[in-house]
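Residue-level structural notes
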Amino acid sequence: MTPEHVEFLERVFPRLPKSAPGKFQFQSWKHGGRATGEGLGVMSVAGVEPAEVEAAAWDVDHYKGNTQAVVECRQVPDERFDGETQQRFYQRIEIPVLGAIHYELLMERVAERDGWSGVAWSVLRAETDRLQKSRGMRSDYNHGCWLSKPGLIAYGLGSAPKRDDVGFLKWKAMTKGADATAPRMFQVNVEGMAAWVKRRR
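A few points on the structure. (Residues numbered from 1 in each chain as written. Predicted model: local features only at pLDDT ≥ 70, side-chain atom pairs only at ≥ 80, totals over all residues. Heavy atoms only, no water.)

Counting its secondary structure elements, the protein contains 5 helices and 8 strands. For the protein, the succession of helices and strands along the chain, N to C, is α-β-β-α-β-β-β-β-α-β-β-α-α. What you see for the protein is a C-alpha radius of gyration of 16 Å, in line with the 17 Å of a compact globule of 201 residues. Surface summary for the protein: the accessible area is close to 9,800 Å², and the carbon and sulfur share equals 52%. In the protein, which carries 29 positive and 26 negative side-chain charges, the distance between the mean positions of the two groups comes to 7 Å. (Helix = DSSP H or I, 4+ residues; strand = E, 2+ residues; numbered from the N terminus. Rg over C-alpha atoms; globule rule 2.2 N^0.38 Å. Areas by Shrake-Rupley, 256 points an atom, 1.4 Å probe, with all protein chains shown as cover. Lys, Arg positive; Asp, Glu negative; His and termini not counted. Charge placed at Lys NZ, Arg CZ, Asp CG, Glu CD.)

Listed below in structure tokens is the structure:
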């Protein structure tokens, strides 16, 4: 089965800007009748290089303290993946008021295309379903990417929790509410990645 992030990238690449935006740029779209939309945020960051963004995005063992809302994140050894071009990892994030959501993901490096390169990921279904619900909601879907070209950072994402893991009010907050707040959330994440890249120099 083709990992979902591969198909997601085919929706992202046509939406990437042809020239550097003057300010943070966000767009979203619906796909497959899902509960939430998919989104893409792009920001100009003077001096940033694709290799720097890719290295930071790949460094999942150091997401905590460097990326928004992450309270636990680590690479999971798995002989199916070489750890250099593909990696499996576990992540748990804490959302104020709503609580924790966690999942296991497959991340792969994205070869250069139209000057953009980076990483992309999607949920590992069986591994996520085996996670303890008591530690947080589990993802129904979670696919995304970090892409960059000189002077630009792009962040794409589509995600939602499993419906059976949340009550009605939380479900509305995690779907309709998430779509409403997505522009700000994407901007915070891109700004956070830019800041982390600078700290790593």
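Continuing now.
Once that is clear, we can look at the pattern of salt bridges. In the structure shown here, the tally under the stated rule is 17 salt bridges. Across the salt bridge formed by R201 and E52, the nearest N and O atoms sit 2.7 Å from each other. Taken together, the positions of R201 in the segment after α5 (176–200) and E52 in helix α2 (residues 50–58) put the pair 149 residues apart, joining distant regions of the chain. Close ionic contact of R138 with D165 constitutes a salt bridge, the shortest N to O distance being 2.8 Å. Of this pair, R138 sits in strand β7 (residues 137–149) while D165 sits in the loop between β8 (152–161) and α4 (168–174), placing them 27 residues apart in sequence. (Salt bridge = Lys/Arg side-chain N within 4 Å of Asp/Glu carboxyl O.)

Our next topic: the packing of α2 against α5. Where α2 meets α5, the axes come as close as 10 Å, and the angle between the chain directions of the two elements is 100 degrees. Taken as axis vectors, α2 and α5 run roughly perpendicular relative to one another. Residues E52, V53, A55, A56 and A57 of α2 lie in contact with α5, whose contacting residues are M193, W196, V197 and R200. Here the contact of α2 with α5 is built from residues that sort into 7 nonpolar, no polar and 2 charged. (Axes fitted to C-alpha atoms, helices over the stretch in contact; angles between N-to-C directions. Parallel < 35°, antiparallel > 145°, perpendicular 65-115°, else oblique. Contact = heavy atoms within 4.5 Å. Nonpolar A, V, L, I, M, F, W, Y, C, P; charged D, E, K, R; others polar.)

Across all of its chains, the model carries 5 aromatic pairs by this definition. Judged by centre distance (5.1 Å) and plane angle (50 degrees), the rings of Y155 and F186 are tilted. With Y155 in strand β8 and F186 in helix α5, this pair connects stretches of sequence that are 31 residues apart. Overall, the relative accessible area of 3% leaves F186 in the buried class. Positioned above the aromatic ring of W29, the side-chain terminus of R15 is 3.9 Å from the ring centre. The ring of W58 carries R109 above its face, with NZ or CZ at 4.1 Å from the centroid. (Phe/Tyr/Trp six-rings, centres within 6.5 Å; stacked < 30°, edge-to-face > 60°. Buried < 20%, exposed > 50% of the residue type's maximum accessible area, 1.4 Å probe, protein only. Lys NZ or Arg CZ within 6 Å of the ring centre and 35° of its normal.)

A few words now on the environment of Q75. Topologically, Q75 is positioned in strand β3 (residues 70–75). Considering only alpha carbons, one finds Q75 and A182, 107 residues apart in sequence, at a separation of 27 Å. The residues touching Q75, leaving out its near neighbours within four places in the chain, are V60, D61, G83, Q87, R88 and F89. Only 2.7 Å separates the side chain of Q75 from the side chain of Q87, close enough to count as a polar contact. (Polar contact = N/O pair within 3.5 Å; in protein donor to acceptor, adjacent residues only side chain to side chain.)

The biggest cluster of nonpolar side chains holds 37 residues, and the ones touching the most others in it are Y63, M107, W121, W146, I153 and M193. Broken down by element, this core gets its largest block of residues, 7 residues, from α5. Beyond its immediate stretch of four places on either side in the chain, W121 contacts H5, L105, L106, M107, N142, H143, G144, C145, W146, Y155, G156 and L157. (Core = buried A, V, L, I, M, F, W, Y, C linked by side-chain atoms within 4.5 Å.)

To continue, consider the layout of surface pockets. What the largest pocket holds in volume is close to 1,000 Å³. Lining the largest pocket are 46 residues, and of these I93, L157, S159, M185 and N189 lie nearest its centre. Of all the secondary structure elements, the ones that give two or more residues to the lining of the largest pocket are β1 (25–29), β2 (38–44), β4 (86–95), β5 (99–113), β7, β8, α4 and α5. With 10 residues, the single largest contributor to the lining of the largest pocket is α5. (1 Å grid on protein atoms, 1.4 Å probe; cavity = no way out; pocket = protein on both sides within 12 Å on 5 of 7 lines; lining within 4 Å. Points joined across faces, edges and corners; volume = space filled by probe spheres on them.)

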